[in-house]
Amino acid sequence: MLKSQASSLRSWRLTAVLISLVALVFALPVSLHADKKKAATAPPVKPGDERVKGYFDVSKIVWPNPPAIARIKFVDLFTGEKIDSKLFAKEKPKQKWMDRLAGQQTYDEIKVTSLPFQLIRTYGVGVDSKGKIYAADQAVGAIFIFDPETKNVELIGNGKQANFAAIVGVALDDNDRLFVSDARLHHVLVFNPKHEQEAAVGTEVLVRPGGIALDRENRFLYVADTGQDVVDVFDADTFKLLRQIGKPSKKHNQTDPGTFSLPECVAVDSDGNLYVTDTFNNRVEIFDADGGFISMFGKNGDGPADLERPKGIAVDGDGHIWVVDDAQDKIKVFNNQGRLLIYMGDHGYYPGQFMGAWGIAIDKLNRVVVSETYPGRVQVFRYITDAEAAAEKARRESGEQKSASTSAPAQKSPAALQSQETADASAKKDSAAH
């Protein structure tokens, strides 16, 4: 009796297992088909979607903040040659069993010569006629050339195309000749458009050349000589010294108008006027094309309109003067009377912030290029011109007027109102008669 029940129980269990297996076999294709259908109908996920959610939109970094009309926009940032992630993700060589037994580790060595060059301590910047950005990096001992369109990077390196010791200033003329100042070798090197060295300027004159600028109309090469507190003026074609602006001194204690105490950088406007950052005096001095003193502005302080160790300087197409405030890590924009118009930046590593801001250049497309010395970076901004800002203001005002006209009820003339009242009265009489 018990044996019969046990046999029956085993038979029932076996039947149940077989039924379950058959159901699973029939259900599995349906489930797989359903999964495939779901996968096919699910919207494709873009590779960068999840990553983008964790970052802010850099295209919306503007000054001043909305809803004010933007006058400066962040565009791009460069740090050096492209880094290939494969250099750091190589497969480790297979160990032999004896090495594993002995506990020896394998190391995937990366050759130093294969590593991409990165900006470390960047000073002068400039832009050529094709829009390429040139940056002098003193620590690397090279001129980095960035193509904003293709993102390609070229180098003019020490020991290759030239001999560099402590490069500082960068300038380019209308033929894309490149001028590079070297504070330790006491000269300015000149390269042709193929980046071949052509000449060395001021070897017997310059003490510690810093920032440089070119007057393309008058064919002047201006060199801020911080070693003797003057600005040297050379012929940009013959490289002959024409004159010196300021009084030569190595004490760095001159304060009179027209003199300097550690002048760092120079710039030229469309009228040929010269602008000099008088760094130790915390001011900007302005001269005409003949070297005559015009005016100056700036005072020491930590306020937005003050200057603390001004370095780079540039002038935009509207005549505004852009000054790099090194101590505050800000870019300040003044009119030619020295009134502050706008400023941007602060200490930091985010786009629009700076660490050791130094050089600045503005090209014909109103791109503003700023360099940093710690860590080495080059940031690019877009200046919104006065004409563009005025057009945007007019567009907004026109839009507000249209919006107001469409939302307000139509106003009828007195005659139309009287006619409407008469018609309403007639309609009431007809209604009463009926």
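Residues numbered from 1 in each chain as written. Predicted model: local features only at pLDDT ≥ 70, side-chain atom pairs only at ≥ 80, totals over all residues. Heavy atoms only, no water.

1. Digging into the packing of aromatic side chains
Under the defined criterion, the tally for this structure stands at twelve aromatic pairs. When the centroid spacing of 5.8 Å and the interplanar angle of 70° are considered together, the rings of W63 and F381 count as edge-to-face. Taken together, the residues W63 in strand β1 (residues 62–63) and F381 in strand β25 (residues 376–383) connect sequence positions 318 residues apart. Here W63 matches F381 in class, with each residue buried. Between F297 and F334 the ring centres are 5.0 Å apart and the planes differ by 45°, which places this aromatic pair in the tilted class. Taken together, the residues span a long stretch of sequence, with F297 in strand β18 (residues 293–297) and F334 in strand β21 (residues 330–334) at a distance of 37 residues. You'll find F297 and F334 in the same group, each marked buried. Here the aromatic cluster, defined as three or more aromatic residues joined through ring pairs, consists of W63, F74, F354 and F381. (Phe/Tyr/Trp six-rings, centres within 6.5 Å; stacked < 30°, edge-to-face > 60°. Helix = DSSP H or I, 4+ residues; strand = E, 2+ residues; numbered from the N terminus. Buried < 20%, exposed > 50% of the residue type's maximum accessible area, 1.4 Å probe, protein only.)

2. Some thoughts on the sheet that holds strand β10 (residues 197–201)
Spatially, β7-β8-β9-β10 is the arrangement adopted by the four strands of the open sheet, whose pairing is antiparallel. Strands with a single pairing partner mark the edges of an open sheet, and in this sheet they are β7 (167–172) and β10. Sheet twist, expressed as the mean angle between neighbouring strand axes with direction ignored, is 20°. Two strands pair when backbone bridges link them, and β7 and strand β8 (residues 178–182) are joined in this way by four bridges, in the antiparallel orientation. (Pairing = 2+ DSSP bridges. Axes fitted to C-alpha atoms, helices over the stretch in contact; angles between N-to-C directions.)

3. What about the pattern of salt bridges?
Side-chain pairs of opposite charge can arise where the charged atoms are in close proximity. Scanning the entire structure with this criterion turns up 20 salt bridges. In this structure, R177 and D173 form a salt bridge, with 2.7 Å as the shortest nitrogen-oxygen distance. Across the pair, D173 and R177 agree in class, each one buried. Taking the shortest distance from any N to any O, the salt bridge between E392 and R396 comes out at 2.9 Å. One end of the pair is E392 and the other is R396, both in helix α4 (residues 386–407) and four residues apart, which spans about a single turn. (Salt bridge = Lys/Arg side-chain N within 4 Å of Asp/Glu carboxyl O.)

4. Looking at a nonpolar patch on the surface
A cluster of nonpolar side chains, F56, V58 and Y350, forms an exposed patch at the surface whose accessible area comes to about 310 Å². Along the chain, Y350 turns up in the loop between β22 (340–344) and β23 (357–362). (Patch = residues over 30% accessible without salt bridge, like charges linked within 9 Å, V, L, I, M, F, W, Y side chains within 5 Å. Areas by Shrake-Rupley, 256 points an atom, 1.4 Å probe, with all protein chains shown as cover.)

5. Brief notes about the environment of A327
Within the secondary structure, A327 is located in the loop between β20 (321–325) and β21. Its relative accessible area of 36% is what places A327 among the partly exposed residues. Taking the C-alpha atoms as reference, A327 lies 7.8 Å from P310; in sequence the two are 17 residues apart. Among residues more than four places away in sequence, those in contact with A327 are E308, R309 and H347. (Contact = heavy atoms within 4.5 Å.)

6. Things to note about the nonpolar core
The biggest cluster of nonpolar side chains holds 18 residues, and the ones touching the most others in it are W63, W322, I331, I360 and F381. Once you skip the residues sitting within four places of it in the chain, I331 turns out to touch W322, V323, V324, I342, Y343, M344, F354, I360 and V370. Formed by 17 residues, the second largest nonpolar core is a distinct cluster that contains A267, V284, L307 and I313. (Core = buried A, V, L, I, M, F, W, Y, C linked by side-chain atoms within 4.5 Å.)

7. Considering unusual backbone geometry
With the exception of glycine, the majority of residues adopt a negative phi angle, and the majority of peptide bonds are in the trans configuration. The omega angle of the peptide bond from W63 to P64 is -10°, so this bond is cis rather than trans. Within the fold, P64 resides in the loop between β1 and β2 (72–78). Residues Y374 and P375 are joined by a peptide bond in cis, for which omega reads -10°. Tracing the backbone shows P375 in the loop between β24 (367–373) and β25. Phi is positive for K151, close to 70°, though the residue is something other than glycine. Along the polypeptide, K151 turns up in the loop between β5 (142–146) and β6 (153–157). Positive phi outside glycine occurs at D229, with the angle close to 55°. With respect to the helices and strands, the residue D229 is situated in the loop between β12 (220–225) and β13 (230–235). Residue classification places D229 among the buried positions, given a relative accessible area of 0%.

The values are spatial; any link to function lies outside them.
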